[in-house]
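One-letter residues, chain by chain:
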Amino acid sequence: MDNHLNFEVTKPEIVIVGGGISGLLLALKISKDPKKLANGIVLIEKQPQLGGRFFFSSSANFSGKNYEEITNELFENSSKKINLSGPGFESMPSVTLEALFRHFESHLSEEEKNEFEEFFKNENENSNTNTHKSYFIKKEFVSDRELFSGSSEILTKKESEIFRSFVEDFYQEKNNKENNNSVLNENIIFEKSQQWTELSKATKETLSPIFTAIVGPNWEKSLFLNVCKSLWSFFHLQKKEIPGYFYRGMCLEFGIAKILKKRGVVIRTLCEVIRVNHTKESLFQLILSDEVMPLNNSIHCKKLIFAIPLTKCLGLIAKEHFTPSQSRFVSKVRPVSLVVSEISHFHSIKSENWPENVSSGDQFLFPVERAQCFLTQDGRMLFSTKLDYEESLQAPAVREAVSRLRRAAARVLKSEYAEELKKGARIPQNKISERIVLLPVAYTIPSDMPSNIEVKETKMGIDGLYCCGDSFPGFAEEPWKMVVNSVYDVAMQLS
Ligand SMILES: Cc1cc2nc3c(=O)[nH]c(=O)nc-3n(C[C@H](O)[C@H](O)[C@H](O)COP(=O)(O)OP(=O)(O)OC[C@H]3O[C@@H](n4cnc5c(N)ncnc54)[C@H](O)[C@@H]3O)c2cc1C
């Protein structure tokens, strides 16, 4: 691995906090400018590896190791598919990923593009040409086709028709520009909609947990069309092959880090920004908690960009440094948390009833446990459930969610493992690892966001301070478009 790290840079011109997609895209874009590079660009990431929310830190122990050893170990392990964790970008729709990749690629020179290709060269056999399916699980595995085509253990025929209508009719209808006769009021709240209120209590009780599993908590208080859009997306957007670069096993984050380091961007991983002070000379002082170099606990810069969700900036700088619209956003928009339980080497312990034609990327939904899961390309199963914002794994709501996830897992494991899991035991095999992760900001934009919140400012309340990421509903509807547009907006202001 290339190890072009320059730890002498303690007063770079620019510091980017966060190595998720927004931090990486911004670093790639601005480091094309030789002047900015010469003045110093530092990217700070608290996890051992880059990638952001989708890439969980490896469970390895890094104490006493230097950056080079840690990076080599992570990369070595990743290329051998050891300790790879998190969905990576695999769970995102292929159209999103294709567009994202074009943005990343557009900031590479021809030579870098070739290096990038070289980096991924041996991995193309991974690509998966199957179309993705969904299964609903109580006792049996009910495919989406079976679910919609008639009665199953999940829905009666009548209920499946109603459910299909929520999935197919309304979001589609809104998108069909030729259809001007829509009877839908776009601002109606789901629970107040005629389509919902006219249903029987029993039907509502059957559909509610499915909606919770797909849309998330408080869906009934969301706009009717947003709920229908989430349902529609669940069944339609995962249907295409995703570009191979984005499988977790491909280590995209290492490919990008390699290019950034070679250009001269300093990347400090396992380094958390815990406070930002603003000094007179319009300099920012960042107080750091650095696991690798604990004594190196402060850095100064002239320009500071938070490439993390806005909510997360709150603990780092005073709220008075937010603009009014940013401030309104963090006070009014309640983020959602995601609890994830990941089981590695899933194929060796899967249920005897496992359907034959399941492939990676297929989704499974557990109405009773209000949870989902999907199988990654490298054989890990990721169970997840959304809940109201929580910070700690010890919070009662999170513990309750974890036990739901374990009950869901028990439904798709071999009976011997399922029994152990139900008793609360870990899966008893050395090779298999089970991890529980809390993502405190799964979706920063819940669908019930008040429509008057239109954050479009990436500049914050002090000169030289910016933010980018997916907290900018004024830029676009989709999170990835907010990321791209906010990053480009910051880059423009920096130039
Ligand atoms: C399950 C799931 C499904 C999703 N599906 C989609 C989808 O289908 N389409 C879509 O467009 N989007 C989707 N999203 C949203 C998408 O994940 C986000 O838009 C995207 O990850 C935002 O990237 P980011 O770089 O802005 O933030 P993040 O990925 O959160 O990156 C921020 C980084 O900053 C680091 N960090 C945070 N605080 C500090 C600190 N104080 N010091 C140092 N480092 C710090 C974090 O460790 C993290 O690596 C989904 C999200 C989840 C969780």
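Going by the structure above, here's the rest.
Because the structure is predicted, anything quoted here is derived from the model rather than measured. (Residues numbered from 1 in each chain as written. Predicted model: local features only at pLDDT ≥ 70, side-chain atom pairs only at ≥ 80, totals over all residues. Heavy atoms only, no water.)

What to know about the overall build of the protein chain
No. 1: A tally of regular secondary structure across the protein chain gives 17 helices and 15 strands.
No. 2: Here the protein chain holds 495 residues, and the buried ones make up 55% of them.
No. 3: Put simply, the protein chain shows about 21900 Å² of open surface, and 48% of that area lies on carbon and sulfur atoms. (Helix = DSSP H or I, 4+ residues; strand = E, 2+ residues; numbered from the N terminus. Buried < 20%, exposed > 50% of the residue type's maximum accessible area, 1.4 Å probe, protein only. Areas by Shrake-Rupley, 256 points an atom, 1.4 Å probe, with all protein chains shown as cover.)

What about the packing of aromatic side chains?
No. 1: Tallied over the full model, the rule gives 33 aromatic pairs.
No. 2: Ring geometry for phenylalanine 166 and phenylalanine 170: centres 6.2 Å apart, planes at 50 degrees, overall tilted.
No. 3: On the accessibility criterion, phenylalanine 166 (2% relative accessible area) is buried.
No. 4: For phenylalanine 170, a relative accessible area of 10% gives the class buried.
No. 5: Linked through ring pairs, Phe136, Phe148, Phe163, Phe166, Phe170, Phe190, Trp196, Phe211, Trp219, Phe224, Phe234 and Phe235 together constitute an aromatic cluster.
No. 6: Seen from the ring of tyrosine 488, lysine 29 lies directly overhead, with NZ or CZ sitting 5.1 Å from the centre. (Phe/Tyr/Trp six-rings, centres within 6.5 Å; stacked < 30°, edge-to-face > 60°. Lys NZ or Arg CZ within 6 Å of the ring centre and 35° of its normal.)

Thoughts on the site of the ligand
No. 1: Taken together, 30 residues sit near the ligand, with Ser22, Glu45, Arg53, Val273 and Asp470 positioned nearest.
No. 2: At 2.9 Å from a nitrogen atom of the ligand is found a main-chain nitrogen or oxygen belonging to valine 273.
No. 3: Across the complex, the protein chains shield 91% of the 990 Å² of accessible surface that the ligand would expose by itself.
No. 4: Secondary-structure elements contributing two or more residues to the shell around the ligand are α1 (21-30), β6 (271-279), β14 (434-443) and α17 (479-494).
No. 5: Class assignment of the residues belonging to the shell around the ligand gives a composition of 18 nonpolar, 7 polar and 5 charged.
No. 6: Two domains each put at least three residues into the shell around the ligand: domain 1 (14-126 + 243-331 + 451-494) and domain 3 (336-443). (Near = heavy atom within 4 Å. Polar contact = N/O pair within 3.5 Å; in protein donor to acceptor, adjacent residues only side chain to side chain. Nonpolar A, V, L, I, M, F, W, Y, C, P; charged D, E, K, R; others polar. Domains from an automatic or database assignment.)

Digging into the state of the cysteines
No. 1: Applying the stated criterion to the full structure yields 0 disulfides.
No. 2: Among the cysteines around cysteine 313, which has no disulfide bond, cysteine 467 carries the closest sulfur, lying 6.0 Å off.
No. 3: Overall, cysteine 313 belongs to the buried group, its relative accessible area being 0%. (Disulfide = S-S within 2.5 Å.)

With respect to the sheet that holds strand β4 (residues 141-143)
No. 1: Taken in spatial order, the 7 strands of this open sheet run β4-β3-β11-β12-β13-β10-β14, and their pairing is mixed. At either end of the open sheet lies a strand with only one pairing partner, and these are β4 and β14. Each adjacent strand pair in this sheet contributes to an overall mean axis angle of 25 degrees, direction not counted.
No. 2: Two strands pair when backbone bridges link them, and strand β11 (residues 363-366) and strand β12 (residues 371-375) are joined in this way by 4 bridges, in the antiparallel orientation. Bridging across to β12, leucine 365 finds its partner in glutamine 372.
No. 3: Of the strands in this sheet, β3 (134-137), β11 and β12 touch helix α11 (residues 224-236), which is tilted by about 110 degrees from β3. (Pairing = 2+ DSSP bridges. Axes fitted to C-alpha atoms, helices over the stretch in contact; angles between N-to-C directions. Contact = heavy atoms within 4.5 Å.)

What about the packing of helix α5 (residues 110-120) against helix α12 (residues 252-263)?
No. 1: Axis separation between α5 and α12 bottoms out at 10 Å; the angle between their running directions is 145 degrees. As for how α5 packs across α12, the hand of that crossing is right-handed. On the side of α5, the interface is formed by Glu112, Glu115, Phe116, Phe119 and Phe120, while α12 contributes Leu252, Phe254, Gly255, Ile256, Lys258, Ile259, Lys262 and Arg263.
No. 2: Residues belonging to the contact of α5 with α12 are distributed by class as follows: 7 nonpolar, 1 polar and 5 charged. (Left-handed = near helix turned anticlockwise from the far one by under 90°.)

Brief notes about the sheet that holds strand β8 (residues 298-301)
No. 1: Spatial ordering of the open sheet is given by β6-β7-β8, a layout of 3 strands whose pairing is antiparallel. The open sheet terminates on both sides in strands that have one partner only, identified here as β6 and β8. Along the sheet, successive strands turn relative to each other by an average axial angle of 25 degrees, direction set aside.
No. 2: In this structure, strand β7 (residues 283-290) lies alongside β8, joined through 4 bridges in antiparallel fashion. By the bridge assignment for β8, leucine 286 is matched with isoleucine 299.

Points about the packing of α1 against α17
No. 1: At a closest axis distance of 9 Å, the pairing of α1 and α17 adopts a crossing angle of 40 degrees. Read as a crossing pair, α1 and α17 show a hand that is right-handed. In this structure, α1 contributes Ile21, Ser22, Leu25, Leu26, Lys29 and Ile30 to the contact, and α17 contributes Val483, Val484, Val487, Tyr488, Val490, Ala491 and Leu494.

A look at the nonpolar core
The nonpolar side chains of a soluble globular protein tend to be buried with one another.
No. 1: Core analysis: the biggest nonpolar cluster contains 88 residues, and Ile16, Leu286, Leu304 and Phe306 have the highest contact counts within it.
No. 2: When neighbours within four sequence positions are excluded, phenylalanine 306 is seen to be in contact with Val17, Val276, Cys313, Leu316, Ile317, Met460, Leu465, Tyr466, Cys467 and Cys468.
No. 3: Counting 32 residues, the second-largest nonpolar core is a separate cluster that includes Ala371, Ala401, Leu405 and Tyr417. (Core = buried A, V, L, I, M, F, W, Y, C linked by side-chain atoms within 4.5 Å.)

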